Amino acid sequence: MNWDDTADTPAAERLVGGSADHEDQAVEAALRPKDLGEFIGQEKVREQLDLVLRAARARGATADHVLLSGAPGLGKTTLSMIIAAEMGAPIRITSGPAIQHAGDLAAILSSLQEGEVLFLDEIHRMSRPAEEMLYMAMEDFRVDVIVGKGPGATAIPLELPPFTLVGATTRAGLLPPPLRDRFGFTAHMEFYEPRELQRVVHRSANLLDVEIDSAGAAEIAGRSRGTPRIANRLLRRVRDYAQVKADGVITRDIASAALSVYEVDARGLDRLDRAVLEALLKLFGGGPVGLSTLAVAVGEERETVEEVAEPFLVREGLLARTPRGRVATPAAWAHLGLTPPGALAAGNGQQDLFGA
């Protein structure tokens, strides 16, 4: 139900990847909630944002600039659209990688209407000259347009109408402090609990006219890695299976059978995740092993293993990064149903396992 757009990454090809492909974007447009009351999850963020927007409306002013951070698929784009809807303002959507020159940003800013919401996705990937121009635009609603080059260059001040910038980033640490400090409200989007995702699945099933029971929704939610976008993607694949292999009704058994076909296990791991764990456990005895060696063992690029597979495995407590290399945790052995080496099985392997 709640999503955000990100640049193409290897994860976009995975059923449990957080990035949105073209099919996701088309479906999400129909499923997105239209106001904060419909938005599921992120209760603290919703409460705080509601206060910010209500106060701005009461003053008859534009809302403060908003920075939303968090993993792909948690609802940053959705919230930006809700901000515009709650303020009764139009929204302009662009992204950091699309703004390579200060002139690109100046063209966008100069065409904004008063009170308009400018949504800037992946704001940390904006070019430095454009970023510096944005400082003045956010604070003083003014930009200096440089005309000419060299000693004859002239700065022409251009006044801007008041607007609200909503910045979204998956890597808040890459934002320079001067830019971060100019946002009046910042929020970090957390991963969803299974019960929240179950509500997301039920709502999306109703909008897609799919019949699903509570157990079926719970099964999908439990494999969705805490991400609404993934929950909706899995729902669509389970719907296809139910229509072809059953009577169209999604139950726990149907959901489980469908997701087995798509190689998404009960914990949300897919083929790549399990390949990394199996190589780490079966070939290297649980580690430690270097990232490059592990990537070669699973036939993937180093960046794919590090940026696509590892974050979820670490978050689930199945893998740990140490100075000596990647190591598997006892939970990884248990998840794959394998027996740890003798020292770990005897309860004496914790020190060796983490390289302490």
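The structure presented is a predicted model; accordingly, all values stated were derived computationally and were not measured.

Trainee: Please explain the pattern of salt bridges as it appears in this structure.
Mentor: Close approach of charged atoms lets side chains of opposite charge pair. This structure, assessed with the given rule, holds 16 salt bridges. Measuring nitrogen to oxygen at the nearest pair gives 2.8 Å for the salt bridge that ties E38 to R203. Remark: R203 occurs in helix α7 (residues 194-207) and E38 occurs in the loop between α1 (22-31) and α2 (43-59); sequence separation between them is 165 residues. Salt-bridge contacts for R239 lead to D240; the nearest nitrogen and oxygen are separated by 3.5 Å. One continuous salt-bridge network, built from bridges that share partners, spans E219, R223 and R252.

Trainee: When you look at the nonpolar core in this model, what are you seeing that I'm missing?
Mentor: In a soluble, globular protein the nonpolar side chains are often hidden away together inside. Ranked by internal contacts, the top residues of the largest apolar core, which has 45 residues, are L49, L79, I212, I220, V238 and I250. Ranked by residues supplied to this core, first place goes to helix α9 (residues 228-245) with seven residues. The residues contacting V238, other than those within four sequence positions of it, are I220, I250, I254, A255, A258 and L259. Among the nonpolar cores identified, the runner-up in size contains 24 residues, and I99, A130, L165 and L179 belong to it.

Trainee: Even after reading the chapter, I still don't get helix α3 (residues 76-87), so can you show me in this structure?
Mentor: Each full turn of the α-helix corresponds to 3.6 residues, which orients residues three or four apart in the same direction. Helix length check: α3 (12 residues) gives 17 Å between terminal C-alpha atoms against 16 Å at 1.5 Å per residue, within 8%. Taken together, the buried positions of α3 are K76, T77, T78, L79, S80, I82, I83, A84 and M87. Following α3 by one or two positions, G88 adopts a phi angle in the positive range, close to 65°.

Trainee: Looking at this structure, I do not really get the layout of surface pockets. What am I missing?
Mentor: To find leftover empty space, one rolls a probe the size of a water molecule over the atoms. Each pocket or cavity is described by its volume, and for the second largest pocket that value is around 180 Å³. Taken together, R57, G60, A61, T62, A63, I83, M87, A89, E114, G115, V117 and T164 make up the lining of the second largest pocket. Among the residues forming the lining of the second largest pocket, the class breakdown is six nonpolar, four polar and two charged.

Trainee: What am I meant to see in the sheet that holds strand β3 (residues 117-121) here?
Mentor: Neighbouring strands of a sheet are bound in pairs by backbone hydrogen bonds; such pairs are parallel or else antiparallel. If you trace the five strands from one edge of the open sheet to the other, you get β2-β3-β6-β1-β7, paired in parallel fashion. For this open sheet the edge positions go to β2 (91-95) and β7 (185-188), each flanked by a neighbour on one side alone. Going across the sheet, the axis of each strand differs from the next one's by a mean of 15°, ignoring polarity. Bridge count for β2 against β3 is five bridges, and the pairing is parallel. Within β3, the residue paired with I91 across the bridge is V117. This element, α3, spans β1 (66-69), β2, β3 and β6 (164-169) of the sheet and lies at about 175° to β3.

Trainee: Would you mind going over the packing of aromatic side chains with me for this structure?
Mentor: The description of two aromatic rings rests on the distance between their centres and on the angle between their planes. Tallying each qualifying case throughout the model produces one aromatic pair. The interplanar angle of 80° and the centroid separation of 5.5 Å between the aromatic rings of F141 and F163 together place this pair among those described as edge-to-face. Placement of the pair is F141 in the loop between α5 (128-140) and β4 (142-147) and F163 in the loop between β5 (154-159) and β6, with a sequence separation of 22 residues. Over the ring of F191 we find R315, and its NZ or CZ is 3.6 Å from the ring centre.

Trainee: So what exactly am I meant to see when it comes to the side chain of T94 here?
Mentor: Within the secondary structure, T94 is located in strand β2. Classification of T94 by relative accessible area gives buried; the value is 16%. When neighbours within four sequence positions are excluded, T94 is seen to be in contact with I99, I108, L118, F119, L120 and D121.

Trainee: Whenever I open this one, the environment of K282 confuses me. Can you help?
Mentor: Along the chain, the position of K282 falls in helix α11 (residues 271-283). Along the chain, K282 and L338 lie 56 residues apart, while their C-alpha atoms are 8.8 Å from each other.

Procedures and definitions
Residues numbered from 1 in each chain as written. Predicted model: local features only at pLDDT ≥ 70, side-chain atom pairs only at ≥ 80, totals over all residues. Heavy atoms only, no water. Salt bridge = Lys/Arg side-chain N within 4 Å of Asp/Glu carboxyl O. Helix = DSSP H or I, 4+ residues; strand = E, 2+ residues; numbered from the N terminus. Core = buried A, V, L, I, M, F, W, Y, C linked by side-chain atoms within 4.5 Å. Buried < 20%, exposed > 50% of the residue type's maximum accessible area, 1.4 Å probe, protein only. Contact = heavy atoms within 4.5 Å. Expected span 1.5 Å × (residues − 1). 1 Å grid on protein atoms, 1.4 Å probe; cavity = no way out; pocket = protein on both sides within 12 Å on 5 of 7 lines; lining within 4 Å. Points joined across faces, edges and corners; volume = space filled by probe spheres on them. Nonpolar A, V, L, I, M, F, W, Y, C, P; charged D, E, K, R; others polar. Pairing = 2+ DSSP bridges. Axes fitted to C-alpha atoms, helices over the stretch in contact; angles between N-to-C directions. Phe/Tyr/Trp six-rings, centres within 6.5 Å; stacked < 30°, edge-to-face > 60°. Lys NZ or Arg CZ within 6 Å of the ring centre and 35° of its normal.

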